[in-house]
Amino acid sequence: MTNLQYSATPRHLQANRRRLIEQRRLWGRRVTWPTRPAPGWLAEVRQASSLSTRDLAQRLGVAPSTVTRVEASERGDTVQLGTLQKFADAMDADLRYVILPRASVLAKTDSQGRTRRAPLRLRAKRSG
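Residues numbered from 1 in each chain as written. Predicted model: local features only at pLDDT ≥ 70, side-chain atom pairs only at ≥ 80, totals over all residues. Heavy atoms only, no water.

**A word on unusual backbone geometry**
For clarity, the cut-off: Only DSSP runs of H or I reaching four residues or more are called helices, and only runs of E reaching two or more are called strands; each is numbered from the N terminus. Accessibility here uses a 1.4 Å probe with only protein chains present; expressed as a share of the type maximum, an area under 20% marks a residue as buried, one over 50% as exposed, and anything in between as partly exposed.
A positive phi is found at D77, a non-glycine position, where the angle reads about 60°. Turning to its location among the elements, D77 is positioned in the loop between α4 (64–75) and α5 (81–90). Phi angles above zero are rare outside glycine, and D92 is one such case at about 55°. Tracing the chain through its elements places D92 in the segment after α5. Classification of D92 by relative accessible area gives exposed; the value is 72%.

**Regarding the nonpolar core**
To be explicit about the condition: Residues grouped as a nonpolar core are buried Ala, Val, Leu, Ile, Met, Phe, Trp, Tyr and Cys residues, joined through side-chain atoms within 4.5 Å.
Among the nonpolar cores identified, the biggest contains 10 residues, and these are L42, L51, L56, A57, V67, V70, L84, F87, A90 and M91. Those elements giving two or more residues to this core turn out to be α3 (53–60), α4 and α5. Broken down by element, the residue count for this core peaks at three residues, all from α5.

Structure follows, in structure tokens:
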């Protein structure tokens with residue numbers, strides 16, 4: 001049995017997905033995304049909701065030091081999405097997670113759906 005590298009998704013569905021992602025990518029360029037506040041989003045939303053560390057810890061059923069540690073892990077970019085979701089639920093907030101491609105996903109493809117590469121252009125070196 002061979003290990004096929006082909007996608008089980010029909011080509012027209014893949015093309016539709018690429019168009020949808022491209023629309024979202026372009027939409028994301030028009031939106032001004034806020035930068036993460038210095039204390040982090042968890043601490044910012046918690047404080048804006050008038051919740052103390054102890055109040056949030058009680059809602060989550062954890063120690064207050066756990067809340068402080070998770071807020072620090074968010075600032076250090078090591079927090080897990082599942083943890084963010086639990087904290088968002090406890091603060092009665094929504095979690096939105098977005099990844100937008102920087103470049104277009106609507107690349108030229110050949111008849112079999114494979115991405116065509118741009119032709120390689122070689123330049124001659126000039127001698128000194």
